[in-house]
Amino acid sequence: MGIRVAVTRGVSSSISECELTHLEREPINLDLARAQHANYERVLADLGCCIERLVEEPEFPDSVFVEDIAVVLDEVAIITRPGALSRRGERSSIEAALQPHRPIQRIAAPAILDGGDVLVVGRDVYVGLSTRTNVNSVRQLRDFLADYGYRVTGVGFKDCLHLKSSATAVSDDTLLVNPNWVDPSAFSGQACIVVDPAEPRGANVVRVGDTVLFGADFPRTGERLAAEGFDVQPVAATELAKAEGALTCCSLIFESAQT
Ligand code: CIR
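Residues numbered from 1 in each chain as written. Predicted model: local features only at pLDDT ≥ 70, side-chain atom pairs only at ≥ 80, totals over all residues. Heavy atoms only, no water.

Caption draft 1: Inspection of the environment of Cys249 at higher detail. One can find Cys249 in the loop between α6 (238-241) and β15 (252-256). The exposure class assigned to Cys249 is buried, which follows from its relative accessible area of 8%. When residues no more than four places from it in sequence are discounted, the contact partners of Cys249 are Val64, Phe65, Val66 and Glu67. (Helix = DSSP H or I, 4+ residues; strand = E, 2+ residues; numbered from the N terminus. Buried < 20%, exposed > 50% of the residue type's maximum accessible area, 1.4 Å probe, protein only. Contact = heavy atoms within 4.5 Å.)

Caption draft 2: Region of the structure containing the sheet that holds strand β1 (residues 3-9). Strand order across the open sheet formed by three strands is β2-β1-β15, with mixed pairing between neighbours. Strands with a single pairing partner mark the edges of an open sheet, and in this sheet they are β2 (49-54) and β15. Strand after strand, the sheet turns through a mean of 30° between neighbouring axes, direction not considered. Taken together, the six bridges between β1 and β2 define a ladder with parallel strand orientation. What sits directly across from Arg4, in β2, is Cys49. Across the sheet, helix α1 (residues 30-46) is in contact with β1, β2 and β15; its angle to β2 comes to roughly 150°. (Pairing = 2+ DSSP bridges. Axes fitted to C-alpha atoms, helices over the stretch in contact; angles between N-to-C directions.)

Caption draft 3: Highlighting the sheet that holds strand β13 (residues 211-215). Taken in spatial order, the three strands make up an open sheet running β12-β13-β14, and their pairing is mixed. Edge strands, defined here as strands with exactly one partner in the open sheet, are β12 (206-208) and β14 (231-235). Strand after strand, the sheet turns through a mean of 30° between neighbouring axes, direction not considered. Bridge count between β13 and β14: five bridges; the pairing is parallel. If you follow Thr211 over to β14, its bridge partner there is Asp231.

Caption draft 4: Geometry of the packing of aromatic side chains. One pass over the structure, following the stated rule, counts one aromatic pair. The ring of Tyr150 has Arg123 sitting right over it, with the charged end atom 4.0 Å from the ring centre. (Phe/Tyr/Trp six-rings, centres within 6.5 Å; stacked < 30°, edge-to-face > 60°. Lys NZ or Arg CZ within 6 Å of the ring centre and 35° of its normal.)

Caption draft 5: Examining the side chain of Gln36 more closely. Its location among the elements puts Gln36 in helix α1. For Gln36, the residues in contact, after removing those within four places along its chain, are Ala236, Ala237, Thr238 and Glu239.

Caption draft 6: Representation of the site of the ligand. What surrounds the ligand is a group of 14 residues, the closest being Asp62, Glu67, Asp68, Arg132 and Ala243. Per-class residue counts for the shell around the ligand are four nonpolar, three polar and seven charged. (Near = heavy atom within 4 Å. Nonpolar A, V, L, I, M, F, W, Y, C, P; charged D, E, K, R; others polar.)

Caption draft 7: Broad picture of the nonpolar core. Of all hydrophobic cores here, the largest spans 21 residues; its most connected members are Ile15, Tyr40, Leu44, Val64, Phe65, Leu213 and Leu240. Looking at this core, the elements that each hand over two or more residues are α1 and β12. The leading source of residues in this core is α1, at four residues. Among residues more than four places away in sequence, those in contact with Val64 are Arg9, Gly10, Val11, Ile15, His37, Leu240, Cys249 and Cys250. Judged by nonpolar contacts, the second largest core, of 16 residues, contains Val71, Ile107, Val125 and Val138. (Core = buried A, V, L, I, M, F, W, Y, C linked by side-chain atoms within 4.5 Å.)

Caption draft 8: Expanded view of the side chain of Glu90. For Glu90, the location among the structural elements is in the loop between β4 (77-79) and α2 (91-98). When sequence neighbours within four positions are dropped, the list of residues in contact with Glu90 reads Arg9, Glu57, Phe60, Asp62, Ser63 and Ile69.

Caption draft 9: Highlighting the pattern of salt bridges. Under the defined criterion, the tally for this structure stands at 15 salt bridges. A salt bridge links Glu57 to Arg9, with the nearest nitrogen and oxygen atoms 3.5 Å apart. Of the two residues, Glu57 sits in the loop between β2 and β3 (70-72) while Arg9 sits in strand β1, which places them 48 residues apart along the sequence. In this pair, the class of Glu57 matches that of Arg9, namely buried. The residue Glu95 makes a salt bridge to Arg106 at a minimum N-O spacing of 2.6 Å. You can see Glu95 sitting in helix α2 and its partner Arg106 sitting in strand β5 (residues 104-106), a full eleven residues away along the chain. Taking the relative accessible area as the measure of exposure, Arg106 reaches 49% and is therefore partly exposed. Through salt bridges with shared partners, one network takes in Asp68, Arg87 and Glu90. (Salt bridge = Lys/Arg side-chain N within 4 Å of Asp/Glu carboxyl O.)

This is the structure we're talking about:
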(Lines give C-alpha, C1' and ligand atoms only; values in the text may rest on other atoms or scores of the structure.)
Protein backbone atom coordinates (compact mmCIF):
# COMPACT_ATOMS: atom_id res chain seq x y z
CA MET A 1 0.00 0.00 0.00
CA GLY A 2 1.30 3.44 -0.84
CA ILE A 3 -0.58 6.65 -0.33
CA ARG A 4 -3.43 7.46 2.03
CA VAL A 5 -6.44 8.73 0.09
CA ALA A 6 -9.39 10.71 1.45
CA VAL A 7 -12.38 10.86 -0.90
CA THR A 8 -14.53 13.91 -0.16
CA ARG A 9 -17.22 15.90 -1.92
CA GLY A 10 -18.11 19.59 -1.76
CA VAL A 11 -21.19 20.61 0.24
CA SER A 12 -24.29 20.54 -1.96
CA SER A 13 -26.01 23.86 -2.60
CA SER A 14 -29.24 22.04 -1.60
CA ILE A 15 -27.94 20.92 1.84
CA SER A 16 -30.85 22.74 3.51
CA GLU A 17 -33.13 20.00 2.09
CA CYS A 18 -31.12 17.23 3.77
CA GLU A 19 -32.67 14.18 5.40
CA LEU A 20 -33.28 14.57 9.15
CA THR A 21 -34.22 11.81 11.58
CA HIS A 22 -33.45 12.88 15.15
CA LEU A 23 -32.99 16.65 14.77
CA GLU A 24 -35.38 19.52 14.14
CA ARG A 25 -34.62 21.43 10.95
CA GLU A 26 -32.73 24.65 11.50
CA PRO A 27 -31.09 27.01 9.00
CA ILE A 28 -27.71 25.89 7.67
CA ASN A 29 -25.25 28.61 6.69
CA LEU A 30 -23.95 27.26 3.37
CA ASP A 31 -20.86 29.47 3.30
CA LEU A 32 -19.89 28.47 6.82
CA ALA A 33 -20.59 24.80 6.08
CA ARG A 34 -18.31 25.03 3.06
CA ALA A 35 -15.60 26.85 5.00
CA GLN A 36 -15.66 24.25 7.79
CA HIS A 37 -15.63 21.45 5.24
CA ALA A 38 -12.65 23.01 3.43
CA ASN A 39 -10.85 23.25 6.77
CA TYR A 40 -11.62 19.57 7.44
CA GLU A 41 -10.06 18.70 4.09
CA ARG A 42 -7.04 20.85 4.91
CA VAL A 43 -6.56 19.05 8.23
CA LEU A 44 -6.70 15.68 6.44
CA ALA A 45 -4.22 16.91 3.83
CA ASP A 46 -1.87 18.20 6.55
CA LEU A 47 -1.97 14.72 8.09
CA GLY A 48 -0.76 13.26 4.80
CA CYS A 49 -4.00 12.37 3.02
CA CYS A 50 -4.22 12.84 -0.72
CA ILE A 51 -7.65 14.49 -1.12
CA GLU A 52 -9.79 13.21 -4.00
CA ARG A 53 -12.55 15.81 -4.00
CA LEU A 54 -15.57 14.80 -6.09
CA VAL A 55 -17.62 17.47 -7.79
CA GLU A 56 -20.55 18.85 -5.87
CA GLU A 57 -23.91 17.29 -6.68
CA PRO A 58 -26.58 20.01 -6.31
CA GLU A 59 -29.37 17.49 -6.93
CA PHE A 60 -28.35 15.40 -3.89
CA PRO A 61 -28.65 17.42 -0.65
CA ASP A 62 -26.73 14.92 1.53
CA SER A 63 -23.98 14.07 -0.95
CA VAL A 64 -21.21 15.66 1.15
CA PHE A 65 -21.63 12.65 3.48
CA VAL A 66 -19.63 10.30 1.27
CA GLU A 67 -19.05 7.81 4.08
CA ASP A 68 -22.60 6.48 3.75
CA ILE A 69 -22.15 5.34 0.16
CA ALA A 70 -19.28 2.87 0.53
CA VAL A 71 -17.38 0.67 2.93
CA VAL A 72 -13.72 0.54 1.94
CA LEU A 73 -11.58 -2.26 3.34
CA ASP A 74 -8.02 -3.22 2.35
CA GLU A 75 -9.32 -6.00 0.11
CA VAL A 76 -12.54 -4.66 -1.39
CA ALA A 77 -14.87 -1.65 -1.60
CA ILE A 78 -18.56 -2.30 -1.03
CA ILE A 79 -21.03 0.15 -2.53
CA THR A 80 -23.98 0.50 -0.18
CA ARG A 81 -27.69 0.70 -0.90
CA PRO A 82 -28.57 3.76 1.21
CA GLY A 83 -31.61 3.52 3.42
CA ALA A 84 -32.87 6.95 2.29
CA LEU A 85 -34.26 6.91 -1.26
CA SER A 86 -33.02 10.48 -1.78
CA ARG A 87 -29.43 9.25 -1.44
CA ARG A 88 -29.34 6.33 -3.89
CA GLY A 89 -28.23 8.53 -6.80
CA GLU A 90 -25.01 9.35 -4.96
CA ARG A 91 -23.63 5.90 -5.71
CA SER A 92 -22.41 6.12 -9.31
CA SER A 93 -19.82 8.84 -8.73
CA ILE A 94 -18.52 7.15 -5.58
CA GLU A 95 -18.20 3.83 -7.39
CA ALA A 96 -16.30 5.53 -10.21
CA ALA A 97 -13.95 7.13 -7.68
CA LEU A 98 -13.23 3.85 -5.88
CA GLN A 99 -12.98 1.64 -8.93
CA PRO A 100 -9.26 2.43 -9.59
CA HIS A 101 -8.40 1.54 -5.99
CA ARG A 102 -10.33 -1.62 -5.10
CA PRO A 103 -12.37 -4.50 -6.50
CA ILE A 104 -16.03 -3.48 -6.11
CA GLN A 105 -18.99 -5.33 -4.57
CA ARG A 106 -22.51 -3.91 -4.32
CA ILE A 107 -25.18 -4.30 -1.64
CA ALA A 108 -28.41 -5.39 -3.36
CA ALA A 109 -32.14 -5.28 -2.51
CA PRO A 110 -33.78 -6.11 -0.16
CA ALA A 111 -30.75 -5.03 1.84
CA ILE A 112 -30.30 -1.40 2.84
CA LEU A 113 -27.04 -0.10 4.27
CA ASP A 114 -25.55 3.28 5.17
CA GLY A 115 -21.78 3.36 5.60
CA GLY A 116 -22.28 5.37 8.79
CA ASP A 117 -23.60 2.16 10.32
CA VAL A 118 -20.44 0.17 9.59
CA LEU A 119 -17.72 0.34 12.22
CA VAL A 120 -14.52 -1.48 11.30
CA VAL A 121 -11.92 -2.10 13.98
CA GLY A 122 -9.20 -4.64 13.29
CA ARG A 123 -10.94 -7.69 11.80
CA ASP A 124 -14.27 -6.82 13.44
CA VAL A 125 -17.00 -5.28 11.31
CA TYR A 126 -19.88 -4.03 13.47
CA VAL A 127 -23.07 -3.21 11.56
CA GLY A 128 -25.60 -0.97 13.28
CA LEU A 129 -29.20 -2.05 12.73
CA SER A 130 -31.07 1.18 12.15
CA THR A 131 -33.70 2.95 10.05
CA ARG A 132 -31.03 2.96 7.31
CA THR A 133 -29.53 -0.51 7.66
CA ASN A 134 -31.17 -3.92 7.88
CA VAL A 135 -30.11 -7.45 8.72
CA ASN A 136 -29.98 -8.43 5.03
CA SER A 137 -26.92 -6.21 4.78
CA VAL A 138 -25.23 -8.10 7.59
CA ARG A 139 -25.69 -11.29 5.57
CA GLN A 140 -24.43 -9.75 2.32
CA LEU A 141 -21.39 -8.24 4.05
CA ARG A 142 -20.62 -11.65 5.58
CA ASP A 143 -20.71 -13.20 2.12
CA PHE A 144 -18.49 -10.51 0.60
CA LEU A 145 -15.96 -10.71 3.44
CA ALA A 146 -15.97 -14.46 4.09
CA ASP A 147 -12.63 -15.00 2.37
CA TYR A 148 -10.81 -12.26 4.25
CA GLY A 149 -11.20 -13.29 7.87
CA TYR A 150 -13.51 -10.52 9.09
CA ARG A 151 -16.14 -11.12 11.78
CA VAL A 152 -19.37 -9.32 10.83
CA THR A 153 -21.75 -8.64 13.74
CA GLY A 154 -25.11 -6.83 13.83
CA VAL A 155 -25.39 -4.31 16.69
CA GLY A 156 -28.49 -2.59 18.10
CA PHE A 157 -28.33 1.03 19.24
CA LYS A 158 -30.78 3.88 19.91
CA ASP A 159 -31.41 7.64 19.86
CA CYS A 160 -29.05 8.54 17.01
CA LEU A 161 -28.93 8.13 13.24
CA HIS A 162 -25.98 5.80 12.71
CA LEU A 163 -23.93 3.36 14.75
CA LYS A 164 -20.91 5.60 14.25
CA SER A 165 -22.76 8.48 15.92
CA SER A 166 -22.51 6.32 19.04
CA ALA A 167 -19.10 4.63 18.67
CA THR A 168 -15.95 5.01 16.57
CA ALA A 169 -12.46 3.54 16.69
CA VAL A 170 -9.56 5.49 18.18
CA SER A 171 -7.02 2.69 17.62
CA ASP A 172 -6.91 -0.90 16.37
CA ASP A 173 -8.29 -2.15 19.68
CA THR A 174 -10.04 0.76 21.38
CA LEU A 175 -13.37 2.49 20.77
CA LEU A 176 -14.85 5.80 21.90
CA VAL A 177 -18.45 5.13 22.92
CA ASN A 178 -21.58 6.91 24.16
CA PRO A 179 -22.90 4.17 26.49
CA ASN A 180 -26.40 5.70 26.51
CA TRP A 181 -26.78 5.02 22.79
CA VAL A 182 -24.97 1.71 22.39
CA ASP A 183 -24.16 -0.95 24.96
CA PRO A 184 -20.35 -1.21 25.19
CA SER A 185 -20.68 -4.95 25.83
CA ALA A 186 -21.58 -5.27 22.12
CA PHE A 187 -17.88 -4.71 21.43
CA SER A 188 -16.44 -7.62 23.34
CA GLY A 189 -13.09 -7.62 21.55
CA GLN A 190 -12.28 -3.95 22.18
CA ALA A 191 -11.60 -1.63 25.11
CA CYS A 192 -14.06 1.28 25.36
CA ILE A 193 -13.45 4.87 26.42
CA VAL A 194 -16.70 6.69 27.12
CA VAL A 195 -17.55 10.24 26.02
CA ASP A 196 -17.97 12.97 28.60
CA PRO A 197 -21.62 12.67 29.78
CA ALA A 198 -22.21 16.34 28.83
CA GLU A 199 -21.17 15.60 25.24
CA PRO A 200 -23.43 12.80 23.94
CA ARG A 201 -22.61 13.63 20.28
CA GLY A 202 -18.87 13.48 20.89
CA ALA A 203 -18.31 9.80 20.06
CA ASN A 204 -17.76 10.39 16.35
CA VAL A 205 -14.03 10.87 15.77
CA VAL A 206 -11.80 10.32 12.74
CA ARG A 207 -8.59 8.40 13.07
CA VAL A 208 -5.83 9.33 10.63
CA GLY A 209 -2.70 7.32 11.39
CA ASP A 210 -1.95 8.05 15.04
CA THR A 211 -3.99 11.26 15.18
CA VAL A 212 -7.61 11.40 16.35
CA LEU A 213 -9.75 14.30 15.07
CA PHE A 214 -12.62 15.19 17.39
CA GLY A 215 -15.45 17.69 17.08
CA ALA A 216 -14.38 21.06 18.51
CA ASP A 217 -17.74 21.22 20.32
CA PHE A 218 -16.69 18.29 22.48
CA PRO A 219 -13.58 19.55 24.34
CA ARG A 220 -14.11 17.41 27.43
CA THR A 221 -14.16 14.25 25.36
CA GLY A 222 -11.03 15.49 23.58
CA GLU A 223 -9.38 15.91 26.98
CA ARG A 224 -10.36 12.37 27.95
CA LEU A 225 -8.70 11.03 24.84
CA ALA A 226 -5.58 13.14 25.43
CA ALA A 227 -5.42 11.85 29.00
CA GLU A 228 -5.46 8.31 27.59
CA GLY A 229 -2.38 9.20 25.53
CA PHE A 230 -4.00 9.89 22.15
CA ASP A 231 -2.71 12.60 19.86
CA VAL A 232 -5.89 14.63 19.40
CA GLN A 233 -6.87 17.57 17.22
CA PRO A 234 -10.17 19.52 17.29
CA VAL A 235 -12.09 20.20 14.06
CA ALA A 236 -15.07 22.58 13.84
CA ALA A 237 -18.13 21.01 12.22
CA THR A 238 -21.12 22.87 13.63
CA GLU A 239 -22.98 23.55 10.36
CA LEU A 240 -23.01 20.00 8.99
CA ALA A 241 -23.98 18.78 12.47
CA LYS A 242 -27.32 20.52 11.80
CA ALA A 243 -27.71 18.10 8.86
CA GLU A 244 -27.07 15.22 11.30
CA GLY A 245 -23.56 14.71 9.96
CA ALA A 246 -20.43 14.34 12.04
CA LEU A 247 -16.73 13.98 11.29
CA THR A 248 -16.45 10.49 9.82
CA CYS A 249 -19.35 11.13 7.41
CA CYS A 250 -17.41 13.56 5.25
CA SER A 251 -14.63 11.28 4.02
CA LEU A 252 -13.73 7.80 2.89
CA ILE A 253 -10.13 7.26 4.03
CA PHE A 254 -8.06 4.32 2.83
CA GLU A 255 -4.60 3.26 1.73
CA SER A 256 -4.03 2.92 -1.99
CA ALA A 257 -1.33 1.61 -4.26
CA GLN A 258 -2.51 4.02 -6.98
CA THR A 259 -0.78 7.37 -7.33
C1 CIR B 1 -28.75 11.75 6.31
O2 CIR B 1 -29.74 11.75 7.04
O3 CIR B 1 -28.48 10.84 5.53
C4 CIR B 1 -27.84 12.95 6.38
N5 CIR B 1 -28.61 14.12 6.66
C6 CIR B 1 -26.78 12.78 7.45
C7 CIR B 1 -25.85 11.65 7.15
C8 CIR B 1 -24.72 11.58 8.12
N9 CIR B 1 -23.85 10.51 7.83
C10 CIR B 1 -23.25 9.77 8.72
O11 CIR B 1 -23.48 9.90 9.93
N12 CIR B 1 -22.45 8.80 8.29
